[in-house]
Amino acid sequence: GCPGGGSSQADMDSGPEPIEMQEAVDQLVAFQLEHACRETFTCPKKSYANLPFLIQHPTEAECSEGTNNLLEVFVRQRYEVLMQGVRAGRVKYDGLAVISCLERARMEFDDTLCEVSALQDPSCDDIFEGLAGPNDGCVRDEECRGIMQCETDDEDSACSSTWRDCFGAECEGTEVCD
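Position labels on residues start from 1 in each chain and follow its written sequence. Local features are withheld for residues below a pLDDT of 70 in this predicted model, meaning they are given only at 70 or higher, and side-chain atom pairs are given and counted only at 80 or more; totals for whole chains, interfaces and linings count all residues. To get the side-chain values, take all heavy atoms of the structure and skip hydrogens and water.

Colleague: Is there a simple way to explain the state of the cysteines in this structure?
Modeller: Should the sulfur atoms of two cysteines be covalently bonded, the bond is a disulfide. Two cysteine sulfur atoms form a disulfide, by the criterion used here, when they sit within 2.5 Å. Across all of its chains, the model carries three disulfides by this definition. The side chain of cysteine 101 participates in a disulfide bridge whose partner is cysteine 124; the two sulfur atoms lie 1.9 Å from each other. Taking the sign of the torsion about the S-S bond as the criterion, the disulfide between cysteine 101 and cysteine 124, at about 90°, is right-handed. Here the residue cysteine 101 occupies a position in helix 7 (residues 97-112), and cysteine 124 occupies one in the loop between helix 7 and strand 2 (128-130), the gap between them amounting to 23 residues. For the pair cysteine 101 and cysteine 124, a shared accessibility class is recorded, and that class is buried. For cysteine 138, the disulfide goes to cysteine 150, at an S-S distance of 2.0 Å. Across the S-S bond of cysteine 138 and cysteine 150 the torsion is about 95°, and the bridge reads as right-handed. Of this pair, cysteine 138 sits in the loop between strand 2 and strand 3 (150-152) while cysteine 150 sits in strand 3, and the two are 12 residues apart along the sequence. Helix and strand assignments come from DSSP, with helices taken as H or I runs of at least 4 residues and strands as E runs of at least 2, each series counted from the N terminus. Relative accessibility decides the category of a residue: with a 1.4 Å probe and only protein chains considered, values under 20% of the type maximum give buried, values over 50% give exposed, and everything between is partly exposed.

So this is what it looks like as structure tokens:
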């Protein structure tokens, strides 16, 4: 800071503060639920895909006010596993990436509602980043680095030791295939 207790220009230009992980998860879940409600009642092609959600909340008002519904439980469970991964050191959390993700998702909300799923902006991919390498223990794919997958055998789960491209072909060494 400046002499006399004031703030310097650098202090004021430091940008937003990172969002604490639990608060970020609460905001991400709320956004995904809002997106699902609006999508279900606005997009004719999406209402069939959201049928279990629609049965539980037959009107948009009930959907918006719904708490502890099946979709919330499912979405929150995914984030709980990621938060466990952060605490275990298998996943990195970026409290600034969530700000960018939600800002962009909210800006594009009405324009892309019926075309894309919630939180599809590339910045959303940076919120949680897998740190587990080949043969490291894992619970979900998101805990694995890059495009490795969490593979389960009879006893253990571990990140695959080979990288795979989008079509399942193995890549050479640690190369990431396009």
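Colleague: I'm lost on the side chain of serine 160 in this one. Help?
Modeller: Turning to its location among the elements, serine 160 is positioned in the segment after strand 4 (157-159). On the basis of relative accessibility, which here comes to 3%, the residue serine 160 falls in the buried class. Contacts are residue-level and defined by heavy atoms, with any inter-residue pair within 4.5 Å sufficient. Not counting residues up to four positions away in its chain, the partners in contact with serine 160 are Pro134, Asn135, Met148, Gln149 and Glu151.

Colleague: Honestly, the nonpolar core in this entry has me stumped. Any pointers?
Modeller: The nonpolar side chains of soluble globular proteins are, as a tendency, buried together. Core analysis: the largest hydrophobic core is formed by 28 residues, its most contacted members being Leu28, Tyr79, Tyr93, Val98, Leu119, Ile127 and Phe128. Elements with a minimum of two residues in this core: helix 2 (21-42), helix 6 (70-87), strand 1 (91-93) and helix 7. Residues within four places of tyrosine 79 in sequence aside, it is in contact with Val25, Leu28, Val29, Gln32, Leu119 and Phe128. Core analysis: the next-biggest nonpolar cluster, separate from the first, contains six residues, Ala132, Cys144, Cys150 and Cys159 among them. For this analysis, a nonpolar core means a set of buried residues of the types Ala, Val, Leu, Ile, Met, Phe, Trp, Tyr and Cys, connected via side-chain atoms within 4.5 Å.

Colleague: Quick question: what am I supposed to make of helix 2 here?
Modeller: End to end, helix 2 covers 31 Å across 22 residues, agreeing with the expected 32 Å (1.5 Å per residue, within 8%). Backbone nitrogen of glutamine 22 and a side-chain oxygen of the N-cap are separated by 3.0 Å at the start of helix 2; the cap is glutamate 20. The span expected for a helix works out to 1.5 Å for each residue beyond the first. Contacts described as polar in this section are N or O atom pairs within 3.5 Å, which, within protein, must combine one atom able to donate a hydrogen with one able to accept it, while residues neighboring in sequence count only if both atoms come from side chains.

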